[in-house]
Amino acid sequence: SCEADLRGEGEKQDKCKGIFSRAPRFTGDAQNPIAWLEDEVVGIMENNIIALTFHPELSEDLLFHKWLITKANES
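Residues numbered from 1 in each chain as written. Predicted model: local features only at pLDDT ≥ 70, side-chain atom pairs only at ≥ 80, totals over all residues. Heavy atoms only, no water.

Novice: It is not clear to me how the sheet that holds strand 2 (residues 16-20) should be interpreted in this structure. Could you clarify?
Specialist: Within a sheet, neighbouring strands are paired by backbone hydrogen bonds and run either parallel or antiparallel to one another. An order of 2-1-3-4-5 is seen for the 5 strands of this open sheet, with the pairing classed as antiparallel. Only two strands of the sheet have a single neighbouring strand rather than two, namely strand 2 and strand 5 (49-52). Strand after strand, the sheet turns through a mean of 30 degrees between neighbouring axes, direction not considered. Taken together, the 4 bridges between strand 3 (residues 33-37) and strand 4 (residues 40-46) define a ladder with antiparallel strand orientation. (Pairing = 2+ DSSP bridges. Helix = DSSP H or I, 4+ residues; strand = E, 2+ residues; numbered from the N terminus. Axes fitted to C-alpha atoms, helices over the stretch in contact; angles between N-to-C directions.)

Novice: Whenever I open this one, the side chain of S59 confuses me. Can you help?
Specialist: Residue position: S59 is located in the loop between strand 5 and helix 1 (63-74). Polar side-chain contacts of S59 include one of 2.9 Å to the backbone nitrogen of D61. Residues contacting S59, with those up to four places away along its chain left out, are K17 and I19. (Polar contact = N/O pair within 3.5 Å; in protein donor to acceptor, adjacent residues only side chain to side chain. Contact = heavy atoms within 4.5 Å.)

Novice: So what exactly am I meant to see when it comes to the nonpolar core here?
Specialist: Nonpolar side chains in soluble globular proteins tend to be buried together. Listed in full, the 10 residues of the largest apolar core are A4, L6, C16, F20, I34, A35, V42, F54, F64 and W67. Of all the elements in the fold, those that place two or more residues in this core are strand 1 (2-8), strand 2, strand 3 and helix 1. (Core = buried A, V, L, I, M, F, W, Y, C linked by side-chain atoms within 4.5 Å. Buried < 20%, exposed > 50% of the residue type's maximum accessible area, 1.4 Å probe, protein only.)

Novice: Before we go on, may I ask you to explain the pattern of salt bridges in this structure?
Specialist: Side chains carrying opposite charge are able to pair once their charged atoms draw close together. Using the criterion set out here, one finds 3 salt bridges in the structure. Its salt-bridge partner being D5, residue K17 comes within 2.9 Å of it at the nearest N-O pair. Of the two residues, K17 is situated in strand 2 and D5 in strand 1; the sequence distance between them amounts to 12 residues. Notably, a salt bridge pairs K71 with E74, separated by 3.8 Å at the nearest N-O pair. Placement of both K71 and E74 in helix 1 is noted, with a separation of 3 residues, approximately one turn of the helix. (Salt bridge = Lys/Arg side-chain N within 4 Å of Asp/Glu carboxyl O.)

Novice: Is there a simple way to think about the environment of F26 in this case?
Specialist: Tracing the chain through its elements places F26 in the loop between strand 2 and strand 3. Overall, the relative accessible area of 25% leaves F26 in the partly exposed class. Along the sequence, F26 and S1 sit 25 residues apart, while their C-alpha atoms lie 17 Å from each other. The contact partners of F26, leaving out residues within four places of it in the chain, are V41, V42, G43, I44, A51, L52 and T53.

Novice: Sorry, what's going on with the packing of aromatic side chains here?
Specialist: The geometry of an aromatic ring pair comes down to the distance between the two centres and the angle between the two planes. For the structure on display, the rule yields 3 aromatic pairs. Ring geometry for F64 and W67: centres 5.5 Å apart, planes at 35 degrees, overall tilted. Remark: W67 and F64 occur in helix 1; sequence separation between them is 3 residues, near one turn of the helix. W67 gets classed as buried once you look at its relative accessible area, which sits at 8%. Taken together, the aromatic side chains of F20, F54, F64 and W67 make up a single cluster linked through ring pairs. (Phe/Tyr/Trp six-rings, centres within 6.5 Å; stacked < 30°, edge-to-face > 60°.)

This is the structure we're talking about:
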């Protein structure tokens, strides 16, 4: 388990906090990445489905949540 700074899609997610707890990993070529821990993809999106290897709900950092609401409003 750890907490780390993530790089996300767009400026609003830069330095978003990610909390990892026994996180799985994406293998192979991750399609439609939305979040990275250094060079590793930790979030992907396909249409209206998001898969994450971190827990944004455990952090007090709301940047990921704000990004998610923005994406939902764009649909």
